[in-house]
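# Working through the structure, step by step
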Amino acid sequence: MDQRYWTPSEHLIPAQPVPPPSARDNSRTIALLEQWTREDATNDPATVAEAERELAEFKAAFNANRPPDKPIFP
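Keep in mind it's a predicted model, so treat the numbers as computed, not measured.

### Re the overall build of the protein
Assigned secondary structure in the protein consists of 3 helices and 0 strands. Seen in sequence order, the protein has helices and strands lined up from the N terminus as α-α-α. In the protein, which comprises 74 residues, the share counted as buried stands at 1%. Accessible surface computed for the protein: about 7200 Å², of which carbon and sulfur atoms make up 59%.

Here's what the structure looks like:
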């Protein structure tokens, strides 16, 4: 009879330690976010007004389910 039994912990512990998030290279993620910001940039007054209206609507919906004295978006 095989005396070696499988335990989940054997497969959950990584062989190499994972570096903390602050030590990871985030340059590709930052570059992608900057690219999206450039792509979404606009000076069109109608587009800006629509985005501001949507943001105000979003904030109001979030605050609607909160106590009046503790809004998420004051």
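### Section: the pattern of salt bridges
Taken as a whole and assessed by the stated rule, the structure comprises 2 salt bridges. Across the pair R53 and E50 runs a salt bridge, and its minimum N-O distance is 2.7 Å. Pair noted here: R53 and E50 are both in helix α3 (residues 45–64), with a separation of 3 residues, about one helical turn. The exposure class of R53 is partly exposed, given its relative accessible area of 42%. We note a salt bridge from R53 to E57, for which the minimum N-O separation is 2.8 Å. Of this pair, R53 and E57 both sit in helix α3, 4 residues apart, roughly one helical turn. Salt bridges sharing common partners tie together E50, R53 and E57.

### Thoughts on the confidence of the model for the protein
In the predicted model, the protein carries a mean pLDDT of 83, and the fraction of residues at 70 or more is 76%. Ranking the helices and strands of the protein by mean pLDDT puts α3 first, with 95, and helix α1 (residues 9–12) last, with 62.

### A closer look at a nonpolar patch on the surface
Taken together, the side chains of L55, F58, F62 and I72 make up a nonpolar region of the molecular surface, amounting to roughly 370 Å² of accessible area. Here L55 lies in helix α3. Note on L55: relative accessible area 44%, which makes it partly exposed.

### Topic: the packing of aromatic side chains
This model, assessed by the stated rule, comprises 3 aromatic pairs. An angle of 85 degrees between the planes, with centres 5.9 Å apart, marks the rings of F62 and F73 as edge-to-face. One end of the pair, F62, is in helix α3; the other, F73, is in the segment after α3, and 11 residues separate them in sequence. For F62, a relative accessible area of 40% translates into the label partly exposed. Overall, F73 belongs to the partly exposed group, its relative accessible area being 28%. Connected via pairs of aromatic rings, a cluster forms that spans F58, F62 and F73.

The rules we used
Residues numbered from 1 in each chain as written. Predicted model: local features only at pLDDT ≥ 70, side-chain atom pairs only at ≥ 80, totals over all residues. Heavy atoms only, no water. Helix = DSSP H or I, 4+ residues; strand = E, 2+ residues; numbered from the N terminus. Buried < 20%, exposed > 50% of the residue type's maximum accessible area, 1.4 Å probe, protein only. Areas by Shrake-Rupley, 256 points an atom, 1.4 Å probe, with all protein chains shown as cover. Salt bridge = Lys/Arg side-chain N within 4 Å of Asp/Glu carboxyl O. pLDDT = per-residue confidence, 0-100. Patch = residues over 30% accessible without salt bridge, like charges linked within 9 Å, V, L, I, M, F, W, Y side chains within 5 Å. Phe/Tyr/Trp six-rings, centres within 6.5 Å; stacked < 30°, edge-to-face > 60°.

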